[in-house]
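For reference, the chains in residue letters:
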Amino acid sequence: MPGRLMRAREKVGRSVAQRDDRKRLGKKHRQAATRPKKGRAPKSTPTTGAVDPRKRKVLSTKRAAADRASRVTKQSPEREKRRAIRTDGGASAKTPKGTAPNASRVKQVRPADGIVGRQTPRSSNMDGREEDWRDIELLASQMVTETESVDARELPLIAVCGRPNVGKSTLFNRLTGSRRSIVGDEPGITRDRIYGELEWMGRAARIVDTGGVVPDDEALIPAEIFRQAKVGLEEADAIVMVVDGRTELASPDLELARLLLRGGKPVFLAVNKMDTEAMQVQAENFRRLGFKNVLPISAEHGSGMGDLLDAVFEVLPEPAEVEEPEVMLTENDEAEEDETGPDFSVAPGAALVSEDKPSVAEAPRRPRMLRSHGEYDSKETKVAIIGRPNVGKSTLLNVLTGKERAIVSPIAGTTRDAVDEVVERGGHAFRFVDTAGIRRKGKTKLMAEKLSVIMARKHLEAADVSLLIIDAGEGVAALDANIGGYAHESGRSVIIVINKWDLMTRTGPDGMRLFDGKPPADQKQYEQDVRDKLKYLEYAPLLFISAADGKNIESVFKKVELVARERRKRVTTGQMNKFLEKVDFQKASVPMNKRVRIYYMTQAAVAPPTFVLFTDKDIKMHFSFERFLGNQIREHFGFIGSPIWFKIKARNKKKTA
């Protein structure tokens, strides 16, 4: 017992002594408790509380600088140098040895840059990153959406054919002088027929680019490509077969050569990819195909193009000479000519004149010009068929044109290049353009798919009217709303087309739909659902068709003609002022700070209809007021299917120097 009491007293005494030491040391007792008793101190950054107060500020500054430096990505001196060159706007430096190819996103300048038909990046390098999409958008900006004119259909036709990935599209772009066909290192990019125009030594001709021909392949897509190519070969006056001079002859080359030799048409063998003079000697090895005309060329670099065109145009039929009508002179003209000499005031080809009327040459008829944001000749209405993949765009094009113009398959993404065809009905010319299916960026992997999506939007922006195709079985998806937004924001007139409506109404003996066993859809209820999901396209007319069965196709032509006419309608300023007097602007739900007073309004342009509002404030028009005014204009003047644009011009706007 006494021992326990003594040990307890000693313990209490030690605790009291430790408490007195902590009071005496203050904050230093925490550092002393964690300091190791033996050995060297660990190499760690000291805390600010364990150093001299006069050095705490210096230490804090160093720690903050080290923390900022740790957040900056370390870059090599070579990359820093290239970054500085890019910032200064200079040319990109060459990548030094030992540096990774992807160390910099600076685009290297190649000798082939600027050439019309040069190759595009490989799909293996296109992994879906945003930088790759920017590269493809830059490439798409160099491509064109122009199509052949209606008058060019009377010109002789040259067909370009060959097996996949031999350079047919590159040659087509080179000869036409534009980037019309999508070019890449992937085989089988071109599938449909692409037409263009070329001119050589004062003569003009048409040229058609066909897909890669594999005669023995029985798969769906290759078989359809071969069928489309045969159509182009049958209507051609001369054929250019392209082979790859750097590879050995393949079985598709031999089979295609036998087919062309049996056709009886003049055929020219273009041995492509002969980039140097030393390689051109190898072109003689391809004479075993049996062709007399063998020409070495380089479609990417442009060598050998002159010899090829000289040989082809020699066999093309000469254009028919147009005989000038004989000018008949009256007796008064003959008498005057006998006295004073011949009279050259009447131009050759002038209309016949009678004796009692003076001889006046008819002035040339000026083409009808329409004022948009510039003037253009309105010879035809360009209609773009847009929508998601596999909704029936190519099927609709074939039905509208009455021919198998585009390849149709159940495989999504079959169409790559835009396919166009002109249809004339009732004195009106319609050019229908079948575009590739637009999909999200994350859903596209190959370079050709990404480029086709961007080119689909470019063809949409170049059109007058757009047909937004929606699959009736799937309904309106979020992507459909996005695609419709592209047409709305670009100012294109829109017609909503519900395709495959026969599947929604076709019933069996039990009165239920055949494909899913549900009751048949009600057209009014379905239209209301579409309007609810596409509220911003409330001005667009809606059609229910079946492209596969050809039902209600005639209504498409009528609606396109109506929308194109409404798109180009013009309202006078007097009519607009009378309209403003009848509008009750108090019904517009607009915040007070966004309300404007409209003095008068005038239509400044058509296609799309654009109105200029002269107001008392220079503020951006509120979206609800813009929608209210647009609805009032449509109620009084129509403008069916076309978006309406507004521009504000304030009276008291301050002039800026």
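Note that the coordinates shown come from a computational prediction; the quantities given were computed from them, not determined experimentally.

Student: Got a minute to help me understand the overall build of the protein chain in this structure?
Tutor: Check the secondary structure of the protein chain and you find 19 helices and 17 strands. Residue pairs in contact within the protein chain that sit at least 24 positions apart in sequence constitute 69% of those at least 6 positions apart. Taken as a whole, the protein chain presents about 38200 Å² of accessible surface, with 51% of it coming from carbon and sulfur.

Student: It is not clear to me how the side chain of R492 should be interpreted in this structure. Could you clarify?
Tutor: One can find R492 in the loop between helix 14 (478–489) and strand 13 (493–499). Among buried Asp, Glu, Lys and Arg side chains, R492 stands out as unpaired, with D464 the closest opposite charge at 5.1 Å. Of the polar contacts made by the side chain of R492, one reaches the backbone oxygen of S490; its length is 2.8 Å. Setting aside anything within four residues of it in sequence, one finds R492 in contact with L460, E461, A463, D464, S466, A487, R567 and P643.

Student: Sorry if this is basic, but what is going on with the packing of aromatic side chains here?
Tutor: Each pair of aromatic rings is reported with the distance of its centres and the angle of its planes. For the structure shown, the criterion picks out twelve aromatic pairs. Seen in terms of ring centroids, Y526 and F544 are 6.2 Å apart; in terms of plane orientation they differ by 70 degrees. Their pairing is edge-to-face. With a gap of 18 residues between them, Y526 in helix 16 (residues 523–533) and F544 in strand 14 (residues 542–544) connect regions that are remote in the sequence. Among the aromatic side chains, those forming a connected cluster through ring pairs are F430, F432 and F557. A cation over an aromatic ring shows up here: K230 above the ring of F226, its NZ or CZ 5.0 Å from the ring centre.

Student: Looking at this model, I keep getting lost on the sheet that holds strand 2 (residues 194–200). Mind explaining?
Tutor: The strands making up a sheet are joined through hydrogen bonds of the backbone, oriented either antiparallel or parallel. One open sheet holds the six strands; their spatial order is 2-3-1-4-5-6, and the pairing between them is mixed. Each edge of the sheet is formed by a strand with only one pairing partner; in this case those strands are strand 2 and strand 6 (293–296). Direction aside, neighbouring strands of the sheet carry axes that sit 25 degrees apart on average. Docked against the sheet, helix 6 (residues 168–176) engages strand 1 (157–161), strand 2, strand 3 (203–209) and strand 4 (238–244), running at close to 160 degrees with respect to strand 3. Set on the sheet, helix 8 (residues 251–263) makes contact with strand 1, strand 4 and strand 5 (267–272); between it and strand 4 the angle comes to about 165 degrees.

Student: What's the story with the packing of helix 6 against helix 10 (residues 305–315) in this structure? I'm lost.
Tutor: The relative placement of two packed helices comes down to the angle between their axes together with the axis-to-axis distance. In the contact formed by helix 6 and helix 10, the axes pass within 12 Å of each other and the chain directions differ by 80 degrees. Here helix 6 is positioned roughly perpendicular relative to helix 10, judged by the angle of their axes. In this structure, helix 6 uses L171, R174 and L175 to contact helix 10, whose residues at the interface are M305, L308 and L309. A breakdown of the residues in the contact of helix 6 with helix 10 according to their chemical character gives five nonpolar, no polar and one charged.

Student: What is the right way to look at the environment of A650 in this model?
Tutor: For A650, the location among the structural elements is in strand 17 (residues 645–650). As for A650 and Y599, which are separated by 51 residues in sequence, their C-alpha atoms are 9.6 Å apart. Dropping the residues within four chain positions of it, A650 is found in contact with T615, K617 and D618.

Student: Can you help me understand the side chain of S298 in this one?
Tutor: In this structure, S298 sits in the loop between strand 6 and helix 10. Polar contacts involving the side chain of S298 include one to the side chain of H301, which spans 3.3 Å. Once residues lying within four places of it in the same chain are set aside, the contact partners of S298 are N272, K273, M274, D275, S303 and M305.

Student: When you look at the sheet that holds strand 15 (residues 598–605) in this model, what are you seeing that I'm missing?
Tutor: Overall, mixed pairing links the three strands, which are arranged 15-16-17 in an open sheet. Edge positions in the sheet fall to strand 15 and strand 17, since each of these pairs with one other strand and no more. Between one strand axis and the next, the sheet turns through 25 degrees on average, direction left out of account. As paired elements, strand 15 and strand 16 (residues 610–615) share six bridges and run antiparallel to each other.

Student: Would you mind showing me how to read the pattern of salt bridges here?
Tutor: In a structure, side chains of opposite charge can pair up when their charged atoms sit close to one another. In this structure the tally under the stated criterion is 22 salt bridges. Put simply, D549 and R506 hold a salt bridge, and the shortest N to O gap is 3.0 Å. Residue D549 is found in the loop between strand 14 and helix 17 (554–567), and its partner R506 is found in the loop between helix 15 (501–505) and helix 16; the two are separated by 43 residues along the sequence. Through salt bridges that share partners, E380, D420 and R431 make up one connected network.

Student: Hey, could you run me through helix 14 in this one?
Tutor: For helix 14, which comprises twelve residues, the first-to-last C-alpha distance of 17 Å matches the rise-based estimate of 16 Å (1.5 Å per residue) to within 8%. Within the sequence span of helix 14, burial applies to L479, D480, I483, G484, G485 and A487. Positive backbone phi, approximately 85 degrees, marks G491, located one or two places after helix 14.

Student: Explanation requested: the pairing of strand 10 (residues 419–425) in the structure shown.
Tutor: Note on strand geometry: in a regular strand, side chains alternate between the two faces of the sheet. The buried fraction of strand 10 is high, at five of seven residues. Across seven bridges, the pairing between strand 10 and strand 11 (residues 428–434) is antiparallel. The partner of E421 across the bridge, within strand 11, is F432. The loop that links strand 10 with its antiparallel partner strand 11 comprises two residues; one of these, G426, has a positive phi angle of about 60 degrees.

Student: For this particular structure, what's the right way to read the packing of helix 18 (residues 573–582) against helix 19 (residues 623–637)?
Tutor: Where helix 18 meets helix 19, the axes come as close as 11 Å, and the angle between the chain directions of the two elements is 115 degrees. Relative to helix 19, the crossing made by helix 18 is right-handed. Between helix 18 and helix 19, the contacting residues are Q575, M576 and F579 on the first element and L629, Q632, I633, H636 and F637 on the second. Residues that form the contact of helix 18 with helix 19 fall into these classes: five nonpolar, three polar and no charged.

Rules of the game
- Residues numbered from 1 in each chain as written.
- Predicted model: local features only at pLDDT ≥ 70, side-chain atom pairs only at ≥ 80, totals over all residues.
- Heavy atoms only, no water.
- Helix = DSSP H or I, 4+ residues; strand = E, 2+ residues; numbered from the N terminus.
- Contact = heavy atoms within 4.5 Å.
- Areas by Shrake-Rupley, 256 points an atom, 1.4 Å probe, with all protein chains shown as cover.
- Buried < 20%, exposed > 50% of the residue type's maximum accessible area, 1.4 Å probe, protein only.
- Lys, Arg positive; Asp, Glu negative; His and termini not counted.
- Salt bridge = Lys/Arg side-chain N within 4 Å of Asp/Glu carboxyl O.
- Polar contact = N/O pair within 3.5 Å; in protein donor to acceptor, adjacent residues only side chain to side chain.
- Phe/Tyr/Trp six-rings, centres within 6.5 Å; stacked < 30°, edge-to-face > 60°.
- Lys NZ or Arg CZ within 6 Å of the ring centre and 35° of its normal.
- Pairing = 2+ DSSP bridges.
- Axes fitted to C-alpha atoms, helices over the stretch in contact; angles between N-to-C directions.
- Parallel < 35°, antiparallel > 145°, perpendicular 65-115°, else oblique.
- Nonpolar A, V, L, I, M, F, W, Y, C, P; charged D, E, K, R; others polar.
- Expected span 1.5 Å × (residues − 1).
- Left-handed = near helix turned anticlockwise from the far one by under 90°.

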